[in-house]
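Chain residues, written in single-letter form:
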Amino acid sequence: MAEHLSELCAFAESLADESRRIILQYWRQDPEVADKADESPVTVADRTAEAAIRERIDARFPNHGIAGEEFGKVRLGAEYVWSIDPIDGTKAFISGSPLFGTLIALLHDGRPVLGLIDVPATSERWLGAEGLGAMHNGHQVRPRIGRALGQAVSGSTSPSMFTGQDAERLRRVHERIKLPVWGGDCYLYGLLSLGTIDLVIEAGLSDHDYLAPAALLQAGGGIVTDWKGAPLGLGTSDRVIAAGDPVLHAEVIRLLGNG
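Residues numbered from 1 in each chain as written. Predicted model: local features only at pLDDT ≥ 70, side-chain atom pairs only at ≥ 80, totals over all residues. Heavy atoms only, no water.

Engineer: I'm lost on the pairing of strand E11 (residues 153-156) in this one. Help?
Structural biologist: Because side chains alternate across E11, one face comprises the buried residues Val-153 and Gly-155, and the other comprises Ser-154 and Ser-156, equally buried. Sheet analysis places E11 next to strand E12 (residues 179-182), joined by four bridges and oriented parallel. Bridge assignment links Val-153 to a residue of E12, and that residue is Leu-179. Once the chain exits E11 it traverses helix H4 (residues 165-176) before rejoining the sheet at E12, and the crossover so formed is right-handed. Two elements, E11 and strand E13 (residues 199-202), share two bridges in a ladder whose sense is parallel. (Buried < 20%, exposed > 50% of the residue type's maximum accessible area, 1.4 Å probe, protein only. Helix = DSSP H or I, 4+ residues; strand = E, 2+ residues; numbered from the N terminus. Pairing = 2+ DSSP bridges. Right-handed = clockwise from strand over helix to strand, strands pointing away.)

Engineer: In this structure, what is going on with the packing of aromatic side chains? I would like to understand it.
Structural biologist: Two numbers describe a pair of aromatic rings. These are the distance of the centres and the angle of the planes. Tallied over the full model, the rule gives seven aromatic pairs. When the ring of Phe-11 is compared with that of Phe-61, the centres are 5.1 Å apart and the planes differ by 85 degrees; the resulting orientation is edge-to-face. Pair noted here: Phe-11 is in helix H1 (residues 2-24) and Phe-61 is in the loop between helix H2 (44-60) and strand E3 (65-68), with a separation of 50 residues, a long-range link. One aromatic cluster in this structure is built from Phe-11, Phe-61 and Trp-82. (Phe/Tyr/Trp six-rings, centres within 6.5 Å; stacked < 30°, edge-to-face > 60°.)

Engineer: Would you mind showing me how to read unusual backbone geometry here?
Structural biologist: Of all residues except glycine, most have a negative phi; of all peptide bonds, most are trans. Positive phi is not limited to glycine here, since Arg-28 has a value of about 55 degrees. Inspection of the secondary structure puts Arg-28 in the loop between H1 and strand E1 (33-35). What makes Arg-28 exposed here is its relative accessible area of 54%. The residue Arg-75 is not glycine, and still its phi comes out positive at about 55 degrees. Along the chain, the position of Arg-75 falls in the loop between strand E4 (72-74) and strand E5 (80-88). Under the relative-accessibility criterion, Arg-75 is labelled partly exposed at 35%.

Engineer: When you look at the pairing of strand E9 (residues 133-136) in this model, what are you seeing that I'm missing?
Structural biologist: As paired elements, strand E8 (residues 124-129) and E9 share four bridges and run antiparallel to each other. Paired with Gly-128 across the bridge in E9 is Ala-134. If you look at the hairpin formed by E8 and E9, you'll find three residues sitting between the two strands, and Gly-131 has a positive phi there, around 85 degrees. In this structure, E9 lies alongside strand E10 (residues 139-141), joined through three bridges in antiparallel fashion. If you follow Met-135 over to E10, its bridge partner there is Gln-140. Taking the residues between adjacent antiparallel strands as the criterion, E9 and E10 are bridged by two residues, where Asn-137 takes a positive phi near 50 degrees.

Engineer: Hey, could you run me through the sheet that holds E10 in this one?
Structural biologist: Remark on secondary structure: sheet strands pair via backbone hydrogen bonds, oriented parallel or antiparallel. On the basis of which strands lie adjacent, the open sheet formed by eight strands has the order E4-E3-E5-E6-E7-E8-E9-E10 and mixed pairing. In the strand order of this sheet, the two ends are held by E4 and E10, each with one partner. Mean inter-strand twist for the sheet, computed between neighbouring axes without regard to direction, equals 20 degrees. Relative to E5, E3 runs parallel, the two being bridged by four bridges. Paired with Gly-65 across the strands is Val-81, a residue of E5. Strand contacts of H2: E3, E4, E5 and strand E6 (101-108), with the helix running at about 160 degrees to E5, the strand carrying the most contacts. Strands strand E7 (111-119), E8, E9 and E10 of the sheet are contacted by helix H5 (residues 187-194), whose axis makes an angle of about 70 degrees with E8. (Axes fitted to C-alpha atoms, helices over the stretch in contact; angles between N-to-C directions. Contact = heavy atoms within 4.5 Å.)

Engineer: What am I meant to see in the pattern of salt bridges here?
Structural biologist: Side-chain pairs of opposite charge can arise where the charged atoms are in close proximity. Applying the stated rule across the entire model yields 13 salt bridges. The salt bridge partner of Arg-111 is Glu-130, with a shortest N-O separation of 2.3 Å. Taken together, the residues Arg-111 in strand E7 and Glu-130 in the loop between E8 and E9 connect sequence positions 19 residues apart. Taking relative accessible area as the criterion, Glu-130 reaches 32% and is therefore assigned partly exposed. One continuous salt-bridge network, built from bridges that share partners, spans Glu-13, Asp-17, Arg-20, Asp-118 and Arg-125. (Salt bridge = Lys/Arg side-chain N within 4 Å of Asp/Glu carboxyl O.)

Engineer: Help me out: how do you make sense of the sheet that holds strand E15 (residues 240-243) in this one?
Structural biologist: What the five strands build is an open sheet, ordered E12-E11-E13-E15-E14; its pairing is mixed. In the strand order of this sheet, the two ends are held by E12 and strand E14 (223-225), each with one partner. Shown here is a sheet whose adjacent strand axes are inclined to one another by a mean of 15 degrees, direction ignored. In this sheet, E15 lies alongside E13 in antiparallel orientation, the contact comprising four bridges. Each residue of the ladder has a partner; that of Leu-199, found in E15, is Ala-243. Contacts between helix H6 (residues 207-219) and the sheet are confined to E14 and E15, with E14 contributing the most and set at about 150 degrees to the helix. The strands that helix H7 (residues 246-256) touches are E13, E14 and E15; relative to E15, the one it contacts most, it runs at about 155 degrees.

Read these as layout, nothing more, since geometry by itself doesn't imply function.
Shown next as structure tokens:
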């Protein structure tokens, strides 16, 4: 399995190379912006990048499934399924911020086993696979462990993710930790893998937002679940907690509660 995943990692990197080339043609170039049905912004860069990725997967692995943000899902019953988010952090991309990225995950029998985060504007790439560890620009990384709750740093993309009871649950966590930070989308999971922050807590996500970070962090020794501690897969949850330390993860799960 590890040898096969190594070959698939190389293929995933080739997909990210192509996506990066396309996306940087549009970044800070006043790209065409449309609105999806849910009113979130989407650009021609998203669609062009995902179309290129899907074309290459279909050509190389015609029996693999694909679940993409822009063009839907095919062959979800396949042994291997690729999850694609061409631009995670579209609002950052549109505003000219560098903190957006391409997310590519591979699931084997429904379980995320390979995850890639590519950040074109900063030339950073995180890649991890089961049994192969996690890498940042070719160097092995692991999240930090042993940090007490009161010394922990936790990241979330935006306060607007958390409404009603979710906002109250997050407040309980923030009252106990050292520092909450906001902003970053997928970049936060990269920081967690580097050991510069200790937690990522998010809500209102789709599976294409979390499957690549989950596979990456788990390959590096971290833990990524929903708020109840259950494993993640296609369509399993919209709430995610990621940590490097299982003890810290369990403490935060208790603070978030099960509702």
